[in-house]
Amino acid sequence: MTGRSKLLGALLGLQLIVIGAVWFLQSGAGESASGTLVSFSPEAADELRIGASDQEQPVVIRRTDAGWQLADGLPADAAKVDEMLERLAGLRAPWAVATSASARTRFEVTPEQHQRHLEVRSAGETVAELYLGTSPGYQRVHARAADADAVFSVELSNYQLPAEATDWLDKGLLQPEGELSAVARLDAWQLRRDGDGWQLDDQAADADAAGRLVRRFAELRVTGAVATPADAAEPVARFRIDDGAGNYVLSVYQAEDEESYVVASSRRDGGYFGLAGYLAEQLLVEREALLPAPVDEPSQEDGDSE
């Protein structure tokens with residue numbers, strides 16, 4: 001083959017590459033229409049569904065007059081839901097990594113095989129639907145809009161979209177409303193706010209010990225919804241909490257493994273929630289732990305100085 005023939009062959013090959021690239025771009029396969037994977041208004045979204053191909057039912061989170069709620073009526077972590085909706089709406093997807101059916105299967109972004117199936121709804125209509133699959137790198141995942149063939153690598157992780165309702169639960173749902181004014185362990189002791197300090201029954205409480213205990217109730221976080229304790233189970237402690245909305249009772253039970261605990265609030269009739277053992281033990285303090293440390297009396301010898 002002469003040098004001229006080789007040059008013509010190279011030019012022809014280059015032409016084919018350019019034509020293929022132009023066709024790829026014009027067909028919309030290599031670039032998403034808007035540069036984002038899906039397009040919807042997070043403010044208008046009122047339902048988020050998160051499923052996985054190995055689960056029968058998706059997690060369903062709905063916006064209500066009382067805020068974001070799970071299917072069982074328990075409150076969802078509103079900040080987490082809102083943040084995820086904003087993130088999904090802003091996912092950048094400028095260039096596709098694949099468009100073939102075999103690639104969609106390989107990257108696990110098909111209706112039959114996926115690691116996450118997300119659906120965003122507004123007023124009963126689906127406004128965004130996508131599949132998340134394998135990870136091509138750190139904090140990135142293969143993603144495909146349900147109504148398109150193109151697969152993109154986007155800045156997201158499957159672990160940020162758990163398919164378990166417990167992971168979306170508002171873990172602070174048993175926290176008081178407003179400022180705490182009193183905490184009483186029934187039949188044991190009572191702490192009541194006294195100006196800038198705390199009164200323990202009929203005497204001043206240790207400021208640091210009382211402050212720590214009150215903060216533990218104010219910042220109480222559960223691990224998730226759990227089964228009802230056995231009918232014969234008696235709480236190991238009951239606390240009456242006075243806050244800005246009135247008062248309520250927290251009942252603490254020890255789980256059968258004796259290492260974890262279950263807590264229930266009179267404000268959430270019939271709901272039981274897991275409580276980490278170390279947190280429960282920080283609440284179950286005895287009266288003596290809330291008293292000021294005794295002041296050492298000077299001895300007679302200390303007073304007899306020459």
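Data block above holds the structure.
Residues numbered from 1 in each chain as written. Predicted model: local features only at pLDDT ≥ 70, side-chain atom pairs only at ≥ 80, totals over all residues. Heavy atoms only, no water.

Participant: When you look at helix α2 (residues 78–89) in this model, what are you seeing that I'm missing?
Facilitator: Since the α-helix packs 3.6 residues into each turn, any two residues three or four apart lie on the same face. For α2, built from 12 residues, the straight-helix expectation of 16 Å at 1.5 Å per residue is met to within 8% by its first-to-last C-alpha distance of 17 Å. For α2, the set of buried residues is V81, M84, L85, L88 and A89. Taken end-on, α2 shows its buried residues confined to a sector of 130°, consistent with a single buried face. The exposed set on the far side of α2, more than 90 degrees from its buried face, consists of A79 and E83. (Helix = DSSP H or I, 4+ residues; strand = E, 2+ residues; numbered from the N terminus. Expected span 1.5 Å × (residues − 1). Buried < 20%, exposed > 50% of the residue type's maximum accessible area, 1.4 Å probe, protein only. Arc of directions from axis to C-beta.)

Participant: What is the right way to read a negative patch on the surface from this model?
Facilitator: Judged by side-chain charge, E256, D257, E258 and E259 come together as a negatively charged surface patch. Take E258: it is sitting in the loop between β15 (246–254) and β16 (261–265). According to the relative accessible area criterion, E258 is exposed, its value standing at 59%. (Patch = residues over 30% accessible without salt bridge, like charges linked within 9 Å, V, L, I, M, F, W, Y side chains within 5 Å. Areas by Shrake-Rupley, 256 points an atom, 1.4 Å probe, with all protein chains shown as cover. Salt bridge = Lys/Arg side-chain N within 4 Å of Asp/Glu carboxyl O. Lys, Arg positive; Asp, Glu negative; His and termini not counted. Charge placed at Lys NZ, Arg CZ, Asp CG, Glu CD.)

Participant: Would you mind showing me how to read the pattern of salt bridges here?
Facilitator: Pairing is possible between side chains that carry opposite charge, provided their charged atoms lie close to one another. The full count for this structure, using the stated rule, is 11 salt bridges. When the shortest N-O distance is used, the salt bridge between R267 and E177 registers 3.8 Å. Of this pair, R267 sits in the loop between β16 and β17 (273–275) while E177 sits in the loop between β8 (151–154) and β9 (182–185), and the two are 90 residues apart along the sequence. Taking the shortest distance from any N to any O, the salt bridge between D243 and R267 comes out at 2.7 Å. Taken as a pair, D243 in strand β14 (residues 237–243) and R267 in the loop between β16 and β17 lie far apart in primary sequence, 24 residues in all.

Participant: Can you help me understand the sheet that holds β14 in this one?
Facilitator: Sheet strands line up and pair through hydrogen bonds in the backbone, either parallel or antiparallel. Here we have 9 strands laid out as an open sheet, ordered β12-β11-β10-β9-β14-β15-β16-β17-β13, and antiparallel in their pairing. The sheet is open, and its two edges are formed by β12 (203–204) and β13 (224–225), each paired on a single side. Pairing geometry for β16 and β17, over 3 bridges, is antiparallel. What sits directly across from Y261, in β17, is L275. Lying over the sheet, helix α4 (residues 207–218) contacts β9, β10 (189–194), β11 (197–200), β14 and β15, oriented at roughly 95° with respect to β10. (Pairing = 2+ DSSP bridges. Contact = heavy atoms within 4.5 Å. Axes fitted to C-alpha atoms, helices over the stretch in contact; angles between N-to-C directions.)

Participant: When you look at unusual backbone geometry in this model, what are you seeing that I'm missing?
Facilitator: Glycine aside, the phi torsion of most residues is negative, and most peptide linkages are trans. Non-glycine residue E108 carries a positive phi angle of around 60°. With respect to the helices and strands, the residue E108 is situated in the loop between α3 (101–106) and β5 (116–122). E108 sits in the partly exposed class, given a relative accessible area of 23%. You will see that A123, though not glycine, has its phi angle at about 55°, which is positive. Along the chain, A123 turns up in the loop between β5 and β6 (125–132).

Participant: Would you mind showing me how to read the pairing of β8 here?
Facilitator: Each regular strand shows side chains that alternate between the opposite faces of the sheet. The two faces of β8 match: V151 and S153 on one face and F152 and V154 on the other face are all buried. Summarising the sheet, strand β7 (residues 141–145) and β8 pair through 3 bridges and their orientation is antiparallel. For H142, the partnering residue across the bridge sits in β8 and is S153. Linking β7 back to β8 in an antiparallel pair, the connection comprises 5 residues.

Participant: What is the right way to look at the sheet that holds strand β3 (residues 67–70) in this model?
Facilitator: The 8 strands are arranged β3-β2-β1-β5-β6-β7-β8-β4 in an open sheet whose pairing can be described as antiparallel. Only two strands of the sheet have a single partner each, and these edge strands are β3 and β4 (96–98). Strand after strand, the sheet turns through a mean of 30° between neighbouring axes, direction not considered. As paired elements, β5 and β6 share 7 bridges and run antiparallel to each other. Directly across from R116, in β6, lies its bridge partner L132.

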